[in-house]
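Fold and geometry: a report
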Amino acid sequence: MSRPRPLIALPQRYAASTSALRYEAVVTARALAEAVFRAGGEPFMMLPGPPGEAAARLARCAGLLLPGGGDLAPWRYAEGGAGGGGEGGAGGASEVHEAVYDVDDAQDAFDLALARSALACGLPLLAVCRGLQVVNVALGGSLRQDMGGAEGPRAGGSGTGGSGTGAHRHVVHPVRVASGSVVARALGGAETVSVSCFHHQCVEVMGRGVTATAWAGDGTVEALELPSAQGWFAAIQWHPEDTAVSDAAQQGLFGALVRAAVVRAALTEDFSPSGV
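So, how was this worked out
- All residue numbers refer to position in the chain's written sequence, counted from 1.
- At least 70 in pLDDT is required for a residue's local features to be given in this predicted model, at least 80 for side-chain atom pairs to be given and counted, and no such filter applies to totals for whole chains, interfaces and linings, which use all residues.
- Computation of side-chain values covers all heavy atoms of the structure but excludes hydrogens and water.
- Counting from the N terminus, the helices are the DSSP runs of H or I reaching at least four residues and the strands are the DSSP runs of E reaching at least two.
- Any two residues whose heavy atoms approach within 4.5 Å at even a single point are treated as in contact.
- Each polar contact in these results corresponds to two N or O atoms within 3.5 Å; when the atoms are within protein, one needs to be able to donate a hydrogen and the other to accept it, and residues that are neighboring in sequence are counted only if both atoms are side-chain atoms.
- Three labels apply to residues, based on accessible area from a 1.4 Å probe with only protein chains included: buried if under 20% of the type maximum, exposed if over 50%, partly exposed otherwise in between.
- Of all possible arcs, the one meant is that of the directions from the helix axis to the C-beta atoms.

Quick notes on the environment of Gln 107
Among the secondary structure elements, Gln 107 is positioned in helix α3 (residues 105-121). In sequence terms Gln 107 and Leu 72 are 35 residues apart; their C-alpha atoms lie 8.7 Å from each other. When residues no more than four places from it in sequence are discounted, the contact partners of Gln 107 are Gln 12, Arg 13, Tyr 14, Pro 48 and Arg 130. A polar side-chain atom of Gln 107 sits 3.1 Å from the main-chain carbonyl oxygen of Gln 12.

Put into structure tokens, the structure is as follows:
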């Protein structure tokens, strides 16, 4: 008898409205769920809840996919500063750029708790777009609140966000990937890939222990890895789900997550009381 599909936690996003419902909703990107399912995983749509329950709720899962979404509240990090130190970060008085949108403190708190819990216990973790930013902030890093947007490239600039970057909204562009990195291996060994992006923020200061392993042509960090991670981990700034159905390299990221989750599930089963 074959093993069941490993449960991949996929935290839902709050939505003010949807076409099929009359009221507020919690939603999941269909393309993300389908990419996990194609890879052999079972997407587990997780309702955001109390941060204190994140670890216990993750315990039943074999992997975590942190998806995209709205912006993190700037008070949770210190832009261009030393990063956060604890749940609120070091930037409590940070000014908010006018381009910041869809901030939800409950969503932020739950996502940050999930990221910290997964990293602490070695749960396989793939972080996508906002997910990368959540992990970076959870590890004490900071974000550039806006990369330039419709008003054009940001003049000057410093840090890991690149110089003169503009928002990567509805952009398909090439990304350079570090040879031999976790992301490169998941992509099938590719060192240059075409990716679909939709973000106006990026990493400013990298969090504790993370390493950049992919970059856009303008210098924007497009992937982060954590060499000290206890389990499989990759964070990417682009949206692999946009093209995964027809691009084997992008689907490979979900495949790598699910393969790591299969191993995790098997180990958990072997060491559980019923598996002794």
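Overview of helix α1 (residues 30-38)
Among all positions in α1, only Leu 32, Ala 33, Ala 35 and Val 36 are buried. Along the long axis of α1, the arc covered by the buried residues comes to 160°, so they all point the same way. Just beyond α1, the residue with positive phi is Gly 40, at close to 105°.

Observations concerning unusual backbone geometry
Residue Cys 129 is not a glycine yet carries a positive backbone phi of 55°. For Cys 129, the position within the fold is in the loop between β6 (125-128) and α4 (130-138). For Cys 129, a relative accessible area of 6% puts it in the buried group. Even without being a glycine, His 170 presents a positive backbone phi close to 50°. A residue is classified by how much of its surface remains accessible, and His 170, at 72% relative accessible area, is exposed.

Regarding the side chain of His 199
Structurally, the position occupied by His 199 is in strand β9 (residues 192-199). Given a relative accessible area of 5%, His 199 falls into the buried group. A polar side-chain atom of His 199 sits 2.7 Å from the main-chain carbonyl oxygen of Gln 201. Apart from the residues lying within four places of it in its own chain, the contact partners of His 199 are Cys 129, Met 147, Ala 167, His 168, Arg 169, Thr 220, Glu 222 and Gln 237.

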